[in-house]
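The primary structure of each chain is shown beneath.
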Amino acid sequence: MSTRIDGKNCIVTGANSGIGYAAAHGLASRGATVYIVCRNKERGEAALSKIQSSTGNQNVHLEVCDLSSVNDVKSFSSRFKAKEVPIHVLVNNAGLLENSRITTPEGYELNFAVNVLGTYGITELMLPLLEKSQPDARVITVASGGMYTAPLTTDLQFNSDKFNGVEQYARNKRIQIALTEKWAEKYSNKGIGFYVMHPGWAETPGVANSLPSFSKSLEGKLRTSEEGADTIIWLALQPKEKLVSGGFYFDRAEVSKHLPLAGTKSSHDAIDSIIATLDSFGNFSI
């Protein structure tokens, strides 16, 4: 964990607070050039200033992008590609648990738009820049243990039942697990490692806002944001030969993606159909 990564370029989405902020701070403190991607310009600027002053690393930059918007993701990716900098680490941290059904201006359910469509789009669009840093490139996606009871479903926007934000979040995180497996298989010849991790339950603004009773009942017992980000930083620093592309990690170790008898393993067969739908929604042509 004391490895320096001076000269490496890292992107961290949702980095103005919580686990994303802690991950960006940890990478910056080890010398990386870090691009923090935030939806809110003011909060992003505050986080940027804090990271720069506390780490002494001035190579930290703000990129404003709303991951719930396909157009915004495409616009950000286009701007960033113009820099022609290789990306060594992409951390897909931005996530959302909205308890009520909200539809974005583009017509997508909000949790799905951020957690799945935005995450998928930014990863696909950044592949050419990740390839520039092969064989060391890696994509780290922040999922959740909440996905253990959720099989993969093609009902991406939760149309079939009465909307449940917690269940939709779990479904979204299951998709991230299956996507990581698929990316690892599909791009195995591109010198990019794909990893997904569970940060544990951390006391973050996101958890407090989305699960207030859960957060209050476990006040003082949850992990800190730094503890939640630990495995992200660990995955960013490890020699790739020590890691399993497509693997799911928790507390610096690869763990199972499925609980016994939960019936989630065979559901991963649906990922090709889901990817086809995501491509039709976003048209993320590289």
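Here's what I pulled together on the structure shown here. Predicted model, so just to flag it, every value in this text is computed and none were measured.

Comments concerning the overall build of the chain
Of the regular secondary structure elements, the chain holds nine helices and eight strands. Taking 2.2 N^0.38 as the reference for a compact globule, 286 residues should give roughly 19 Å; the C-alpha atoms of the chain span a radius of gyration of 17 Å, in line with that estimate. For the chain, the spread of C-alpha atoms along the principal axes amounts to about 50 × 45 × 40 Å. Taking as baseline every contact in the chain between residues at least 6 positions apart, the subset at least 24 positions apart corresponds to 74%. As displayed, the chain offers around 12,000 Å² of accessible surface, 50% of which is attributable to carbon and sulfur atoms.

So, the environment of Arg 39
By the element assignment, Arg 39 lies in the loop between β2 (33-38) and α2 (41-55). For Arg 39, a relative accessible area of 53% corresponds to the exposed category. Separated by 56 residues in the primary sequence, Arg 39 and Gly 95 have C-alpha atoms spaced 11 Å apart.

Quick look at the packing of helix α1 (residues 18-29) against helix α8 (residues 225-237)
Contact geometry for α1 and α8: axes closest at 8 Å, N-to-C directions at 50 degrees. By the angle between their directions, the pair α1 and α8 is classed as oblique. Crossing geometry of α1 relative to α8 is assigned as right-handed. The residues of α8 that touch α1, namely those facing Gly 18, Ile 19, Ala 22, Ala 23, Gly 26 and Leu 27, are Ser 225, Glu 226, Gly 228, Ala 229, Ile 232, Ile 233 and Ala 236. Of the residues in the contact of α1 with α8, the class split is eight nonpolar, four polar and one charged.

Section: the pairing of strand β3 (residues 60-64)
Taken together, the five bridges between β2 and β3 define a ladder with parallel strand orientation. Within the sheet, the bridge partner assigned to Cys 38 lies in β3 and is Val 64.

Some words on the sheet that holds strand β8 (residues 253-255)
Pairing within the open sheet is mixed, and its eight strands lie in the order β3-β2-β1-β4-β5-β6-β7-β8. Each edge of the sheet is formed by a strand with only one pairing partner; in this case those strands are β3 and β8. Strand-to-strand twist of the sheet, defined as the mean angle between neighbouring strand axes without regard to direction, takes the value 25 degrees. The pairing of strand β5 (residues 137-142) with strand β6 (residues 192-198) spans six bridges and is parallel. Note that in β6 the partner of Val 142 across the bridge is Met 197. Packed on one face of the sheet, α1 meets β1 (9-13), β2, β3 and β4 (89-92) and runs near 170 degrees to β1. Helix α4 (residues 110-131) contacts β1, β4, β5 and β6 of the sheet and is inclined by roughly 175 degrees relative to β4.

Overview of α1
When the terminal C-alpha atoms of α1 are compared, their 17 Å separation across twelve residues agrees well with the 16 Å that a helix rising 1.5 Å per residue should span. Among the twelve residues that make up α1, ten are buried, leaving the element largely enclosed by the rest of the structure. Gly 31 sits one or two positions beyond α1 and adopts a positive phi of about 95 degrees.

Describing the environment of Asp 230
Following the sequence through the fold, Asp 230 ends up in helix α8. Distance in space between the C-alpha atoms of Asp 230 and Gly 145 is 16 Å, their sequence separation being 85 residues.

Remarks on helix α3 (residues 70-81)
Taking 1.5 Å per residue, twelve residues should reach 16 Å; α3 reaches 16 Å between its end C-alpha atoms and fits that length. What α3 keeps buried is the set Val 70, Val 73, Phe 76, Ser 77 and Phe 80. One side of α3 holds all its buried residues, which, seen down the axis, span an arc of 130 degrees. Each element contacted by the buried residues of α3 is listed here: β1, β2, β3, α4 and α9 (271-282).

Reading the values: the criteria
- Residues numbered from 1 in each chain as written.
- Predicted model: local features only at pLDDT ≥ 70, side-chain atom pairs only at ≥ 80, totals over all residues.
- Heavy atoms only, no water.
- Helix = DSSP H or I, 4+ residues; strand = E, 2+ residues; numbered from the N terminus.
- Rg over C-alpha atoms; globule rule 2.2 N^0.38 Å.
- Contact = heavy atoms within 4.5 Å.
- Areas by Shrake-Rupley, 256 points an atom, 1.4 Å probe, with all protein chains shown as cover.
- Buried < 20%, exposed > 50% of the residue type's maximum accessible area, 1.4 Å probe, protein only.
- Axes fitted to C-alpha atoms, helices over the stretch in contact; angles between N-to-C directions.
- Parallel < 35°, antiparallel > 145°, perpendicular 65-115°, else oblique.
- Left-handed = near helix turned anticlockwise from the far one by under 90°.
- Nonpolar A, V, L, I, M, F, W, Y, C, P; charged D, E, K, R; others polar.
- Pairing = 2+ DSSP bridges.
- Expected span 1.5 Å × (residues − 1).
- Arc of directions from axis to C-beta.

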